[in-house]
Amino acid sequence: MLPPSLPPDESRRLLALRNLCVLDTPAEERFDRIVRTAARLFGVPIALVSLLDEGRQWFKARVGLSASETPRDVSFCGHAILSPGAFVVPDAFLDARFHDNPLVVGAPFVRFYAGHPVRAPDGSRVGTLCIIDSAAREFSDADRAALADLAAWVELEFDAVTVRLARVALEEQQRLKNEFVSTVSHELRTPLTSIRGSLGLLEGGVAGPMPAPVAEMIGIARKNSERLIRLINDILDLDKLESGKLDVSLEPAELAPLLAHAVEAHQGYACEYGVQVELMLDAPGARARVDADRLEQVLANLLSNAIKFSPRGERVTLRLVRHAGGLRVAVEDRGPGVPDAFRARIFQKFAQADGSDSRGRGGTGLGLSIARGLVERLGGTLDYVTARDAGTTFWFDLPECPPDSPPNSV
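Anyway, here's the lowdown on the structure attached to this text. (Residues numbered from 1 in each chain as written. Predicted model: local features only at pLDDT ≥ 70, side-chain atom pairs only at ≥ 80, totals over all residues. Heavy atoms only, no water.)

What about the overall build of the protein chain?
Right, on to step 1. Helix and strand counts for the protein chain stand at 11 helices and 14 strands.
Right, on to step 2. The C-alpha atoms of the protein chain give 34 Å as radius of gyration, which overshoots the globular expectation for 410 residues (22 Å, by more than 25%).
Right, on to step 3. Each principal axis of the C-alpha atoms in the protein chain carries an extent, and together these give about 100 × 55 × 40 Å.
Right, on to step 4. For the protein chain, the residues scored as buried account for 43% of the 410 residues in total.
Right, on to step 5. Long-range contacts, defined as pairs at least 24 residues apart, comprise 68% of the intrachain contacts of the protein chain with a sequence gap of at least 6.
Right, on to step 6. Carbon and sulfur atoms form 55% of the exposed surface of the protein chain, whose accessible area is close to 20700 Å². (Helix = DSSP H or I, 4+ residues; strand = E, 2+ residues; numbered from the N terminus. Rg over C-alpha atoms; globule rule 2.2 N^0.38 Å. Buried < 20%, exposed > 50% of the residue type's maximum accessible area, 1.4 Å probe, protein only. Contact = heavy atoms within 4.5 Å. Areas by Shrake-Rupley, 256 points an atom, 1.4 Å probe, with all protein chains shown as cover.)

Examining the packing of aromatic side chains
Right, on to step 1. Using the criterion set out here, one finds 11 aromatic pairs in the structure.
Right, on to step 2. Between the aromatic rings of Phe 76 and Tyr 113, the centroid separation amounts to 5.1 Å while the plane-to-plane angle is 35°, which identifies the pairing as tilted. You can see Phe 76 sitting in the loop between strand S3 (69-71) and helix H3 (77-80) and its partner Tyr 113 sitting in strand S5 (residues 112-119), a full 37 residues away along the chain.
Right, on to step 3. In this structure an aromatic cluster arises from ring pairing among Phe 76, Phe 87, Phe 98 and Tyr 113.
Right, on to step 4. When the ring centre of Phe 112 is taken as reference, the NZ or CZ atom of Arg 137 above it lies at 5.3 Å.
Right, on to step 5. Taking NZ or CZ as reference, Arg 328 lies 3.8 Å from the ring centre of Trp 395, over its face. (Phe/Tyr/Trp six-rings, centres within 6.5 Å; stacked < 30°, edge-to-face > 60°. Lys NZ or Arg CZ within 6 Å of the ring centre and 35° of its normal.)

A look at the side chain of Ser 310
Right, on to step 1. Structurally, the position occupied by Ser 310 is in the loop between helix H9 (292-308) and strand S10 (315-323).
Right, on to step 2. From its side chain, Ser 310 meets the backbone oxygen of Ala 306 in a polar contact 2.6 Å long.
Right, on to step 3. Discounting residues that sit within four places of it in the chain, Ser 310 has contacts with Val 275, Val 316, Asp 333, Arg 334 and Gly 335. (Polar contact = N/O pair within 3.5 Å; in protein donor to acceptor, adjacent residues only side chain to side chain.)

Considerations on helix H1 (residues 10-20)
Right, on to step 1. When we look at burial in H1, the residues that qualify are Glu 10, Arg 13, Leu 14, Ala 16, Leu 17 and Leu 20. With its buried residues spanning 160° around the axis, H1 presents them on a single face. Residues Ser 11, Leu 15 and Asn 19 are exposed on H1 and point more than 90 degrees away from its buried face.
Right, on to step 2. A positive phi of about 60° marks Cys 21, the residue just after H1. (Arc of directions from axis to C-beta.)

Re the environment of Arg 287
Right, on to step 1. When you line up the elements, Arg 287 lands in strand S9 (residues 287-290).
Right, on to step 2. Residue classification places Arg 287 among the partly exposed positions, given a relative accessible area of 25%.
Right, on to step 3. Arg 287 sits 107 residues away from Phe 180 along the chain, and the two C-alpha atoms are 40 Å apart.

Overview of the packing of H9 against helix H11 (residues 367-377)
Right, on to step 1. For the pair H9 and H11, interaxial distance at closest approach is 9 Å and the crossing angle is 145°. For the pair H9 and H11, the sense of crossing is left-handed. Touching Arg 294, Gln 297, Val 298, Asn 301, Leu 302 and Asn 305 of H9 are Gly 367, Leu 368, Ile 370, Ala 371, Leu 374 and Val 375, all from H11.
Right, on to step 2. Across the contact of H9 with H11, the residue classes tally to 7 nonpolar, 4 polar and 1 charged. (Axes fitted to C-alpha atoms, helices over the stretch in contact; angles between N-to-C directions. Left-handed = near helix turned anticlockwise from the far one by under 90°. Nonpolar A, V, L, I, M, F, W, Y, C, P; charged D, E, K, R; others polar.)

Considerations on the state of the cysteines
Right, on to step 1. Within the structure shown, the criterion is met by 0 disulfides.
Right, on to step 2. The thiol of Cys 77 is unpaired, and the distance to the nearest cysteine sulfur, on Cys 130, comes to 3.8 Å. (Disulfide = S-S within 2.5 Å.)

A look at the pairing of S10
The side chains of a regular strand alternate, first on one face of the sheet and then on the other.
Right, on to step 1. Note: strand S8 (residues 276-281) against S10, 6 bridges, orientation parallel. Its bridge partner lying in S10, Gln 276 is registered against Arg 315.
Right, on to step 2. The pairing of S10 with strand S11 (residues 326-332) spans 7 bridges and is classified as antiparallel. Bridge pairing in S11 places His 323 opposite Gly 326.
Right, on to step 3. Hairpin remark: S10 followed by S11, antiparallel, with 2 residues in the connecting loop; positive phi at Ala 324, about 50°. (Pairing = 2+ DSSP bridges.)

A few points about the sheet that holds S11
Right, on to step 1. Read across the open sheet, the 5 strands follow the order S8-S10-S11-S13-S12; overall the sheet is mixed. The strands lining the two open edges of the sheet, one partner per strand, are S8 and strand S12 (381-387). The sheet shows a mean angle of 15° between the axes of neighbouring strands, taken without regard to direction.
Right, on to step 2. On the sheet, H11 packs against S12 and strand S13 (391-398) and is oriented at approximately 135° with respect to S12.

Quick notes on unusual backbone geometry
Right, on to step 1. Of the consecutive residues Ala 107 and Pro 108, the connecting peptide bond is found in the cis state with omega at 10°.
Right, on to step 2. Within the fold, Pro 108 resides in the loop between helix H4 (102-105) and S5.
Right, on to step 3. In this structure, Cys 21 is a non-glycine residue whose phi angle is positive, near 60°.
Right, on to step 4. Tracing the sequence through the fold places Cys 21 in the loop between H1 and helix H2 (29-42).
Right, on to step 5. Under the relative-accessibility criterion, Cys 21 is labelled partly exposed at 46%.

Here we look at the sheet that holds strand S2 (residues 56-63)
Right, on to step 1. In space, the 6 strands of this open sheet follow the order S3-S2-S1-S6-S5-S4, with antiparallel pairing throughout. Every other strand in the sheet has two partners, leaving S3 and strand S4 (87-89) as the edge strands with one partner each. For this sheet, the mean inter-axis angle between neighbouring strands, taken without regard to orientation, is 25°.
Right, on to step 2. Sheet analysis places S5 next to strand S6 (residues 125-133), joined by 8 bridges and oriented antiparallel. Bridge pairing links His 116 to Leu 129 in S6.

A word on the pairing of S12
Right, on to step 1. In the sheet, S12 pairs with S13 via 7 bridges, with the strands oriented antiparallel. Counted as the bridge partner of Thr 381 is Asp 397 from S13.
Right, on to step 2. In textbook terms, the turn of a hairpin is the stretch between consecutive antiparallel strands, and for S12 and S13 this stretch comprises 3 residues, one of which, Asp 389, has a positive phi near 60°.

Structure representation (structure tokens):
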């Protein structure tokens, strides 16, 4: 007897076998019907779906055999997985590899064997579909083709198992995410909001004058609590965007007052960075169908980014123009520009061009992803142009609203 040698990719093959998650699982009709079909088609008493791990061949499906596994070193299937196609032994008594094999000289008295490798989704040969007879027989090219088709059927069922496992994993991931979002919303945001409010009152003097070092520490604590609240709100908004649960109510509105309010709201923030914010309106009477609160959220993100990355003494311009038959809102800064290598990731979640610099300036890495999603919900597109050491312009286009347009909710 000649025991089968190990395939050159044995480690990868065993990993692929385990990743199928079918070893030592109960019988399944999807595999049982294949071996029944094989036994009927070829007129043999035994047909198996055999999987080979380190020391055994284990039968995922079997007909005509009571044993659920046999040692690998006496298996015919151990030889079969070394070949890309069908492995056929017409008469085991006449084959030096098997003539004294215990499965040949004893039960189940294998005389004829034909096995075709079955592959895991990564291509590894993890086992075989095999047929066995106690009498010698020939095996034609047509028989080999039919056995290959049945082996491909087994592989399709492996793929189905993989898809099912992936679906279960995805459902579990979604459940964990929902639990996380719920925890963030209910267990973190509420106490943080209370902490921020209390710190604001202390800064405002509700408890009387405080020593300068104490006032400075309270100011730092308030800013950090606000940063955490922004992160939490961004996570919640992003989750709603991705799940399609973010409510957006579109109504015709004149854009100039909304943009002017955004500029006014950011003047104090701009002063902290020594930056001026200006408004340029080159589209008189421009109206668009928008959700004013969501538009304000987009503008807040773009303006705060532009302010943070502008050199002191420079200015940030919020501009409204008519462009290509619609309206374009642009935020222009005179900063260092966005690195070319970052372009592909800039609108991804938690993306930051320079982690250390961005974190030093604050930011969650979620703002641009949320802004793009919100603009798309408003019926527009968001993108940017940049030049090294010459600044960056983020812009979004919206359809211009014709006069007397009715409101619409989405």
